[in-house]
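Tertiary structure, described
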Amino acid sequence: MTALNPLPAVDGLAVLEARLREDLDWLELPAPSWVPAHNVDGQRVLDVAIIGAGMAGLAASAELRLLGIDNQRLFDQAPEGQEGPWVTYARMQTLRSPKQLTGPALRLPALTFRAWYEAQFSRKQWDALYKIPRTQWMEYLRWYRRVLDLPVRNDTRVDILRPRRDGVIELDLVHEPANHGGRARRETALARHVVLATGREGLGGPFIPAVARDLPLHLRAHSSDTIDFDALRGKRVGVVGASASAFDNAATALEAGAAGVNLFVRRDALPRINKLTGIGSPGLVHGFANLPDEWKWRLLHYSALTQAPPPRDSVLRVARFPYAKLHLSSPLTRVGHEGDTVFVDTPRGRYALDYLIFATGFHSEIDTRDEFALIAPHVRRWRDRFEPAPELSSDDLGSSPDLDRNFALQERIVGTCPALSRIHSFNHGASLTHGKVAGDIPAISDGAQRLARAIAAMLFDADREAHYAALQAFDTAELAGDEWADAAADVRTIDTTA
Ligand SMILES: Cc1cc2nc3c(=O)[nH]c(=O)nc-3n(C[C@H](O)[C@H](O)[C@H](O)COP(=O)(O)OP(=O)(O)OC[C@H]3O[C@@H](n4cnc5c(N)ncnc54)[C@H](O)[C@@H]3O)c2cc1C
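The model shown is predicted, which means the values in this text are computed figures rather than measured ones.

Points about the pairing of strand S16 (residues 349–353)
Relative to S16, strand S15 (residues 341–346) runs antiparallel, the two sharing five bridges. Bridging across to S16, Asp-345 finds its partner in Arg-350. Hairpin connection between S15 and S16: a loop of two residues separates the two successive antiparallel strands.

Here is the structure:
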């Protein structure tokens, strides 16, 4: 990894921030605030509440603000600067995404990672940079939030979403800072629109294969758990899966001094080609949502079937350890334990281990999330209305919410929960309806712009009477009436109040 020498003398970031302000000024952004205020029970109702202040939530918030929707707030249960996976459970050294992707920059050059990086470390070091170090990406996201002054409330978990009869959505919040001394503060917020920017596992949770669910918790973890790797020193560790996370967790265990790591992979070979990147284009980004359902399903089914390979760096990071063993064609057929020794059976043998890590991804079963308990029974999933050809069946795709063009959830039975049309799923669950625009770095700005424009349009429509009244009341004259000598005599007065 390249050593970083910050630029001397001038404060590069201050210069960049001044440039960003000027760019926004030239573009007349943000637009002035335009949404009429709504009050209920003496409380100002947020136009948009965003659950999750990871990259997706921040990008959505930023674009809403550029569009003049500033009565908004983000809530994140994580402490400030710890949102998302980057400095919590992600264990890779660098991002998989190529460094030049513009991510959440919303087409503002001064907001890109590259601008931020060059401002601090020079163009030369940018050229020399191989890939973006994981923790540095988080530093960039912290800067992004700060420089745009996004209204995040950290340490605040949304406990439950409650659609009310008056159309407003109530959020029960639990404010619980790490140093709270055991006292959590409960409060509520009211919102007209809610964006679920809850991340990769945001509509579900970690997936553990059924065969291993009875294994006691102190003998296993999911890759998204906090894992005490120091405690694995000298231990026999198993890792299940062939994903990037499988290799990064295996490497972290080995680097922490594990006695050995066995990687169990169902497939008979590691996937080697990241298929979906092969057709990446603005066409895919903007065209996916308009495809017929059969084609959306077909593309994502093929992509899941062929699976993205683990990054070469992650595989090499593991392969350099002689006591790392890769077991292909080795699905777990049985998992048990005797005392604190875990036994794993595969078609190729039985293995004794001290600890098992599941890098087996996430599911999107919304009814497993407590905060969505009141809305989940009403949410229409793809499996409720779409039946793929038998050879294309997929529980994972079938559990995806069937979103509308505004990223909003839809009712399974019409009329049972109309508020769903204002609850927008801006997370992995959106992929089958909208394409991969609501999570990963490559198209997050496109997704945020699509979402924010949809919300702007809905807010305008919902307030059309107020806007019509404002249209009628508007009386700033552009002509003074004295431009034409005979104006008073010749020009008919038009009654603008009709
Ligand atoms: C190990 C790992 C590596 C990855 N590497 C890459 C990569 O290299 N390139 C790439 O493009 N993508 C990568 N991804 C995908 C990555 O998740 C996304 O790019 C990015 O994190 C998406 O941002 P997000 O805002 O959607 O979700 P997140 O960053 O996960 O943010 C979601 C936020 O929602 C909050 N939240 C959830 N529920 C609640 C609640 N009820 N109340 C309050 N807050 C809540 C969480 O605390 C979290 O901070 C990786 C993912 C993982 C797991």
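Alright, that's what it looks like, and here's the rest.
Re the pattern of salt bridges
Applying the stated criterion to the full structure yields 34 salt bridges. Salt-bridge contacts for Asp-159 lead to Arg-157; the nearest nitrogen and oxygen are separated by 3.0 Å. Here Asp-159 falls in the partly exposed class, since its relative accessible area comes to 23%. Assessed through its relative accessible area of 30%, Arg-157 is described here as partly exposed. When the shortest N-O distance is used, the salt bridge between Asp-402 and Arg-380 registers 2.9 Å.

Considering the packing of aromatic side chains
Tallied over the full model, the rule gives 19 aromatic pairs. Relative to Phe-386, the ring of Trp-382 has its centre 5.6 Å away and its plane inclined at 70 degrees; by these criteria the two rings are edge-to-face. Assessed through its relative accessible area of 12%, Phe-386 is described here as buried. These aromatic residues form a ring-pair network of at least three members: Trp-86, Phe-113, Trp-116, Tyr-117, Phe-121, Trp-126, Trp-137, Tyr-140, Trp-143 and Tyr-144. The residue whose ring lies beneath Lys-99 is Trp-126, and the NZ or CZ to ring-centre distance is 4.7 Å. Stacked on the ring of Trp-295, the Lys or Arg Arg-298 has its end atom at 4.2 Å from the ring centre.

What to know about the site of the ligand
In the region of the ligand, 32 residues are neighbours, and Ala-56, Asp-76, Ser-97, Glu-371 and Ile-441 sit closest. In this structure, Val-158 approaches the ligand through a main-chain N or O atom, which is 2.9 Å from a nitrogen atom. One nitrogen or oxygen atom from the main chain of Gly-439 is found 3.2 Å from an oxygen atom belonging to the ligand. Looking at the shell around the ligand, the elements that each hand over two or more residues are helix H2 (55–66) and strand S6 (156–163). Looking at side-chain class alone, the shell around the ligand contains 14 nonpolar, eleven polar and seven charged residues.

Focus: unusual backbone geometry
With an omega dihedral of -10 degrees, the bond running from Leu-29 to Pro-30 counts as a cis peptide bond. Along the polypeptide, Pro-30 turns up in the loop between helix H1 (12–26) and strand S1 (39–40). Look at Asp-149: it is not a glycine, yet its phi comes out positive at around 55 degrees. Overall, the relative accessible area of 57% leaves Asp-149 in the exposed class. One non-glycine residue, Phe-407, lies in the positive phi region at around 70 degrees. Residue position: Phe-407 is located in the loop between helix H10 (395–398) and strand S19 (423–425).

Brief notes about the domain arrangement of the protein
Reports of interface size often rely on the accessible area that becomes lost once the parts have come together. On domain assignment, one finds that the protein holds domain 1 (12–203 + 364–462) and domain 2 (208–272 + 309–360). Facing the eight residues of domain 1 at the interface are 16 residues of domain 2. Roughly 840 Å² of surface becomes buried between domain 1 and domain 2 when both sides are summed, with 41% attributable to carbon and sulfur atoms. Considering only the surface of domain 1 that becomes buried against domain 2, Tyr-89, Arg-91 and Arg-96 emerge as the three largest contributors, covering 69% of it. Along the contact surface separating domain 1 from domain 2 lie one salt bridge. We note a salt bridge from Asp-313 to Lys-131, for which the minimum N-O separation is 3.6 Å. For the interface between domain 1 and domain 2, the tally reads six residue pairs in polar contact (both at pLDDT 80 or more).

Brief notes about the sheet that holds S15
Strands sit in the order S14-S15-S16 across an open sheet of three strands; the sheet is antiparallel. The open sheet terminates on both sides in strands that have one partner only, identified here as strand S14 (334–338) and S16. For this sheet the average axis-to-axis angle between neighbouring strands, irrespective of direction, equals 20 degrees. Sheet topology places S14 next to S15; five bridges connect them, and they run antiparallel. Note that in S15 the partner of Gly-336 across the bridge is Phe-343.

Observations concerning H2
Under the 1.5 Å per step criterion, the end-to-end length of H2 is 16 Å for twelve residues, consistent within 8% with the ideal 16 Å. A large share of H2 lies buried, amounting to twelve of its twelve residues. Looking at H2, one finds that the buried residues are Met-55, Ala-56, Gly-57, Leu-58, Ala-59, Ala-60, Ser-61, Ala-62, Glu-63, Leu-64, Arg-65 and Leu-66. Lining the buried residues of H2 we find H1, strand S3 (46–51), strand S4 (72–75), helix H5 (134–147), strand S5 (152–153) and helix H12 (444–462). Where H2 ends, the next residue or the one after it, Gly-68, has phi of about 85 degrees, a positive value.

Things to note about the environment of Ile-169
The topology assignment puts Ile-169 in strand S7 (residues 169–175). Under the relative-accessibility criterion, Ile-169 is labelled buried at 0%. Residue contacts for Ile-169: discarding those within four places in its chain leaves Leu-161, Arg-162, Pro-163, Ala-189, Leu-190, Ala-191, Arg-192, Val-194, Ala-419, Arg-422 and Ile-423.

Some thoughts on the side chain of Arg-91
Assignment of secondary structure puts Arg-91 in the loop between S4 and helix H3 (113–121). Within the local environment of Arg-91, its side chain forms a polar contact with the backbone oxygen of Ser-223, the two atoms lying 2.9 Å apart. When sequence neighbours within four positions are dropped, the list of residues in contact with Arg-91 reads Arg-134, Ser-223, Asp-225, Thr-226, Ile-227, Phe-229, Asp-248, Asn-249, Thr-252 and Arg-317.

Conventions we followed
- Residues numbered from 1 in each chain as written.
- Predicted model: local features only at pLDDT ≥ 70, side-chain atom pairs only at ≥ 80, totals over all residues.
- Heavy atoms only, no water.
- Pairing = 2+ DSSP bridges.
- Helix = DSSP H or I, 4+ residues; strand = E, 2+ residues; numbered from the N terminus.
- Salt bridge = Lys/Arg side-chain N within 4 Å of Asp/Glu carboxyl O.
- Buried < 20%, exposed > 50% of the residue type's maximum accessible area, 1.4 Å probe, protein only.
- Phe/Tyr/Trp six-rings, centres within 6.5 Å; stacked < 30°, edge-to-face > 60°.
- Lys NZ or Arg CZ within 6 Å of the ring centre and 35° of its normal.
- Near = heavy atom within 4 Å.
- Polar contact = N/O pair within 3.5 Å; in protein donor to acceptor, adjacent residues only side chain to side chain.
- Nonpolar A, V, L, I, M, F, W, Y, C, P; charged D, E, K, R; others polar.
- Domains from an automatic or database assignment.
- Contact = heavy atoms within 4.5 Å.
- Buried area = accessible area lost by both parts, 1.4 Å probe.
- Axes fitted to C-alpha atoms, helices over the stretch in contact; angles between N-to-C directions.
- Expected span 1.5 Å × (residues − 1).

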